[in-house]
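A look at the structure
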Amino acid sequence: MNKIKATVSQIDKQDSLHIVSFDFSGVTLKMMSLELSEKIKIGTNVILAIKPTHVTFAKNFQGYISVTNQFRAKIKSINNGKLLSSAIFETKETLIESVFTTTSLRQMNLQLYDEFTIMIKASDISIKEICDD
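The sections below set out a description of the structure shown in this document. The residue numbering used here restarts from 1 in each chain and proceeds along that chain's sequence as written. Selection of residues for local features in this predicted model requires a pLDDT of at least 70, selection of side-chain atom pairs for listing and counting requires 80 or more, and totals for whole chains, interfaces and linings are taken over all residues. For the side-chain quantities, the full set of heavy atoms in the structure was used; hydrogens and water were omitted.

**Let's talk about the overall build of the protein**
Selection criterion: What counts as a helix is a DSSP run of H or I of at least four residues, what counts as a strand is a run of E of at least two, and both are numbered from the N terminus. In this setup the radius of gyration rests on C-alpha atoms only. A globule is expected at 2.2 Å times the number of residues raised to 0.38. Buried means the residue's accessible area, taken with a 1.4 Å probe over protein chains only, is under 20% of the maximum for its type, while exposed means over 50%, and partly exposed covers the values in between. Every residue pair with non-hydrogen atoms within 4.5 Å of one another is taken to be in contact. Note that accessible areas follow from Shrake-Rupley with a 1.4 Å probe, and for residues the cover is restricted to the protein chains shown. Lys and Arg are tallied as positive, Asp and Glu as negative. Neither His nor the chain termini are counted. For the purpose of locating charges, the reference atoms are NZ of Lys, CZ of Arg, CG of Asp and CD of Glu.
From N to C terminus, the protein includes 1 helix and 10 strands. A compact globule built from 133 residues would reach a C-alpha radius of gyration of about 14 Å, and the protein, at 16 Å, matches this within 12%. Taking the principal axes of its C-alpha atoms as reference, the protein extends roughly 45 × 30 × 25 Å. The burial tally for the protein puts 37% of its 133 residues in the buried class. For the protein, long-range pairs separated by at least 24 residues make up 63% of all intrachain contacts whose partners lie at least 6 apart in sequence. Total accessible area on the protein stands at roughly 8,100 Å², and carbon and sulfur atoms take up 47% of it. Averaging the coordinates of the 16 positive side-chain charges in the protein and doing the same for the 14 negative ones gives two points 7 Å apart.

So this is what it looks like as structure tokens:
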């Protein structure tokens, strides 16, 4: 499980839907949630969780896509498997793992230190823990 330290910067609510914005070292990340603890307020420090299978990345990405969370990162390591592979990306002194098919690894010709756009849907982020308690 990927863990990202962030601070709640905004909370928008309509009925039971919450869109929570976080500051991740100057990068804004957003999370979509139907339930939100009353302990989560603007300024609350949290650890966000993202499954490695929910981290998508693109090389030389240009244009628009419906994925809200996008930021740049470099490949720190690659694990080449028979069917599935993984890469560890580094950004803002944080490591982010992505798991994907080995076919994608070959098609993209992934190399150490290549720079990519990391993309994570708002519905794929959750709050793992509150750090202010």
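Moving on from the coordinates now.
**A closer look at the pattern of salt bridges**
This is how the line gets drawn: When a carboxyl oxygen of Asp or Glu is within 4 Å of a side-chain nitrogen of Lys or Arg, the pair counts as a salt bridge.
Scanning all chains against the criterion turns up 3 salt bridges. For Asp-114, the salt bridge is made with Lys-59, and the minimal N-O distance between the two is 3.4 Å. Of this pair, Asp-114 sits in the loop between α1 (102-108) and β9 (115-120) while Lys-59 sits in the loop between β5 (56-58) and β6 (69-79), and the two are 55 residues apart along the sequence. Exposure remark for Asp-114: the relative accessible area of 18% places this residue in the buried category.

**Overview of the nonpolar core**
Note on soluble globular proteins: their nonpolar side chains tend to be buried together. We apply this condition: Here, nonpolar core means buried Ala, Val, Leu, Ile, Met, Phe, Trp, Tyr and Cys residues that are tied together by side-chain atoms lying within 4.5 Å of each other.
One finds Phe-22, Leu-29, Leu-48, Phe-89 and Ile-118 to be the most contacted residues of the largest nonpolar core, which totals 28 residues. Secondary-structure elements contributing two or more residues to this core are β1 (2-14), β2 (17-24), β3 (27-33), β4 (45-50), β6, β7 (84-91), β8 (94-101) and β9. Not counting residues within four places of it along the chain, the set of residues in contact with Phe-89 comprises Phe-57, Ala-73, Lys-74, Ile-75, Lys-76, Thr-94, Leu-95, Ile-96, Ser-98, Phe-116 and Ile-118.

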